[in-house]
Amino acid sequence: MTGYGNGVPLSMMSDVDVSAIQAAAAATSTTYRSFADATRSVLDLLERHVPDAAVFMAHLDRGQFIHRIVDVRRGADYGLRSNQALPLGDAFCSHMAEGRGPRLTGDVGGVEEYAGLAMRQRTGARSYVGVPLELSDGTRVGSLAAVSRRRNAFVAADEQLFVMLARVLAGELERESNARDLRRFNDMLRDQAKGMGAIGRVAKALAAGDDARQAICEAACEVMDAPVAFLLEPSGRDFASTAMAGANVQPVTIQPRGDGSGGGKAFTAKEAYFVADARNHPALAAPLVEATSARSAVFEPVLRDGDVCGVLIVIWQRPLDKLPEASGGMLKLVAAQAAIAIEHAGLRARVAALALTDALTGLVTRRVFDEELPRELARARRGDTPVSVAVLDLDHMSAFNMMRGEGEGDRLVKETAARWRSELREVDVLARLDGVEFALVLPSCGLSEAVEVVDRVRGATPRGQTASAGVARWDGEEPAELLIARAQEALAAAKSSGRNVTIPAE
């Protein structure tokens, strides 16, 4: 009766061979904590049963064309160590696993496939035994092997022992890989559920008509498991933040570079742009990196009709080698919602602008004037410069409307606004307060100069109509309301004096 691959009679097997097979049988029923634990146990067993040999388990990495030793026993005597890499074609195991070389040989130099390999030169091996680690689908991912400097150091029983133990390792590797894949799948499902919850909250904000940009940033943080996110939108040549989450900083403005260094691409690419090391990347200004402790970041484009209308920047405070694949798809969904949020914000801004602009004349309304005047007074105080205010009123409008109709009266008001605006500087503010009453802010104008400007403006009134005005210079202390009241008192004096005149306030 024969067995174990090359016809060695069972009666000739030594007690050591029998004990090795028994140990291998026990190994198949042992429960291991991990693949690494199984590898240590198997190599410890082989170290005891194949003396005077280096025993190792290797990974056959065909993607990188590398034979990498995962763990080894007695390797120092043979120039072998853990995590040692050789080109795949220079190792015995790669030829063995592909079926080009034998699994067992007592004369390595006599085997054409092995004789000239770098591994033979490194180890000085004369004998070799090796078997593949084969998964259930037939993929050979590694090898369990031994080398010795003695001729005929291994027998068929040793090969059979390696076969049994390789099956143990392959089974443990597959079990651990399946468990890891299952955990990864469960994590992906959990992350997706978490991400859908965040996206649902954004959708709710959008449906309610709220400004959802803050919710967009919060959702981006949640789906990417990151602490900080910014939404930036074009502002002239720059990108300015309109919302942020996880950071308490002043609004961020970034000017993309066009030098091909990546700073510009981060804001123009239509696919996600990942930055592994954010500390010195041109797309992220140093103050922003310092304020957020950024280590890695991703720039996700916000697209509308195929064009970039914004950028979501998500920042991690830990270094990442690559963008998480499972989360990347969720971030695209958040970016799609960001496009809707930006569009809604634009619509709201236009509606607000209509409320701040007089529909008939295109001039700013009383609300804008009341907000702008205190700011102008504050600027005058800081710069120690004069500022004057005028209130103007078209004369005899009741008679004009009675004779020509209110439609013509509206046209006169519209033409007057356009003529008066053309007589003023860009820095001057002309507002329609009510009906045919207008107000004017004249920065850097003293009282006498302001009277000259207002007389010129009144002289531009169309259709032979006239206007009256009162002018007041700010005294450096009075509130805006009192300044306007003094100008209106001067206007009343101009009306009482016969109209078509400018009266300066005392």
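- An unreviewed UniProt entry lists the chain under the name Diguanylate cyclase, from Solirubrobacter deserti.

Concerning the pattern of salt bridges
- A complete count under the given rule lists 30 salt bridges for this structure.
- Measuring nitrogen to oxygen at the nearest pair gives 2.9 Å for the salt bridge that ties Asp107 to Arg151. With Asp107 in the loop between strand E6 (104-105) and helix H4 (112-115) and Arg151 in the loop between strand E8 (140-148) and helix H6 (156-207), this residue pair connects regions lying 44 residues apart in the sequence.
- Assessed through its relative accessible area of 48%, Arg151 is described here as partly exposed.
- Note that Lys495 and Asp393 form a salt bridge whose closest N and O atoms lie 2.6 Å from each other. Residue Lys495 is found in helix H15 (residues 480-496), and its partner Asp393 is found in strand E15 (residues 387-394); the two are separated by 102 residues along the sequence.
- Taking the relative accessible area as the measure of exposure, Asp393 reaches 14% and is therefore buried.

Quick word on the pairing of strand E7 (residues 127-134)
- Most of E7 is tucked away, with 7 of its 8 residues classed as buried.
- Examined bridge by bridge, E6 and E7 share 2 bridges and lie antiparallel to one another. Paired with Leu104 across the two strands is Val129, which belongs to E7.
- As paired elements, E7 and E8 share 8 bridges and run antiparallel to each other. Bridge assignment links Val131 to a residue of E8, and that residue is Leu144.
- The turn joining E7 and E8, which pair antiparallel and follow one another in sequence, is formed by 5 residues; a positive phi near 90° is taken by Gly138.

Quick word on the state of the cysteines
- One pass over the full model with this rule turns up 0 disulfides.
- With no disulfide of its own, Cys221 lies 7.2 Å from the sulfur of Cys217, the closest cysteine sulfur.

Brief notes about the packing of aromatic side chains
- This structure, assessed with the given rule, holds 7 aromatic pairs.
- Ring geometry for Phe239 against Phe267: centres 5.0 Å apart, planes inclined by 40°, an arrangement best described as tilted. With Phe239 in strand E10 (residues 238-245) and Phe267 in helix H8 (residues 265-268), the pair connects residues that are 28 residues apart, well separated along the chain.
- On the basis of relative accessible area, Phe239 is assigned to the buried category, the value being 10%.
- Judged by its relative accessible area of 2%, Phe267 is buried.
- A connected cluster of aromatic rings, assembled from ring pairs, spans Phe239, Phe267, Tyr273 and Phe299.
- In this arrangement the basic side chain of Arg149 is found over the ring face of Tyr78, its NZ or CZ atom lying 4.3 Å from the centre.

Examining the nonpolar core
- Core analysis: the biggest nonpolar cluster contains 33 residues, and Leu231, Val302, Leu312, Val314, Leu331 and Val334 have the highest contact counts within it.
- Broken down by secondary-structure element, the contributors of at least two residues to this core are H6, helix H7 (213-224), strand E9 (228-235), E10, strand E13 (296-304), strand E14 (307-316) and helix H10 (325-356).
- If we skip the residues at most four places from it in the chain, Leu231 touches Arg213, Cys217, Ala240, Ser241, Thr242, Ala243, Val302, Val311, Leu312, Ala338 and Ile342.

Observations regarding the packing of helix H12 (residues 397-404) against helix H13 (residues 406-422)
- Two elements in contact, H12 and H13, have axes separated by 7 Å at closest approach and are oriented at 130°. The angle between H12 and H13 places the two elements in the oblique class. Facing H12, whose interface residues are Met397, Phe400, Asn401 and Arg404, H13 presents Glu406, Glu408, Gly409, Leu412 and Val413.
- When the residues that make up the contact of H12 with H13 are grouped by side-chain class, the tally is 4 nonpolar, 2 polar and 3 charged.

Things to note about the sheet that holds strand E5 (residues 85-87)
- On the basis of which strands lie adjacent, the open sheet formed by 6 strands has the order E5-E4-E3-E8-E7-E6 and antiparallel pairing. Each of the sheet's edge strands pairs with one partner strand only, and the pair in question is E5 and E6.
- Sheet analysis places strand E4 (residues 66-73) next to E5, joined by 3 bridges and oriented antiparallel. For His67, the partnering residue across the bridge sits in E5 and is Leu86.
- Across the sheet, helix H2 (residues 35-49) is in contact with strand E3 (54-61), E4, E7 and E8; its angle to E4 comes to roughly 65°.

Structural notes on the packing of helix H11 (residues 366-383) against H15
- Relative to each other, H11 and H15 sit at 105°, their axes nearing to 10 Å. Considered as vectors, H11 and H15 are oriented roughly perpendicular to each other. Here Phe369, Leu373, Pro374 and Leu377 of H11 lie close against H15, whose contacting residues are Ala480, Leu483 and Ile484.
- By residue class, the composition of the contact of H11 with H15 is 7 nonpolar, no polar and no charged.

As for the UniProt feature "domain: GGDEF" (unreviewed entry) in the chain
- Feature annotation in UniProt assigns "domain: GGDEF" (unreviewed entry) to the following positions: residues 385-506.
- In residues 385-506, helix accounts for 45% and strand for 25%; the two terminal C-alpha atoms are 19 Å from one another.

What to know about H11
- For H11, spanning 18 residues, the distance from its first C-alpha to its last is 25 Å, which sits close to the expected 26 Å at 1.5 Å a residue.
- Residues of H11 that are buried: Val368, Phe369, Glu372, Leu373, Glu376, Leu377 and Ala380.
- Asp384 occupies a position one or two residues after H11 and carries a positive phi of about 50°.

Conventions we followed
- Residues numbered from 1 in each chain as written.
- Predicted model: local features only at pLDDT ≥ 70, side-chain atom pairs only at ≥ 80, totals over all residues.
- Heavy atoms only, no water.
- Salt bridge = Lys/Arg side-chain N within 4 Å of Asp/Glu carboxyl O.
- Helix = DSSP H or I, 4+ residues; strand = E, 2+ residues; numbered from the N terminus.
- Buried < 20%, exposed > 50% of the residue type's maximum accessible area, 1.4 Å probe, protein only.
- Pairing = 2+ DSSP bridges.
- Disulfide = S-S within 2.5 Å.
- Phe/Tyr/Trp six-rings, centres within 6.5 Å; stacked < 30°, edge-to-face > 60°.
- Lys NZ or Arg CZ within 6 Å of the ring centre and 35° of its normal.
- Core = buried A, V, L, I, M, F, W, Y, C linked by side-chain atoms within 4.5 Å.
- Contact = heavy atoms within 4.5 Å.
- Axes fitted to C-alpha atoms, helices over the stretch in contact; angles between N-to-C directions.
- Parallel < 35°, antiparallel > 145°, perpendicular 65-115°, else oblique.
- Nonpolar A, V, L, I, M, F, W, Y, C, P; charged D, E, K, R; others polar.
- UniProt positions renumbered as here; feature names shortened; annotations may be inferred.
- Expected span 1.5 Å × (residues − 1).

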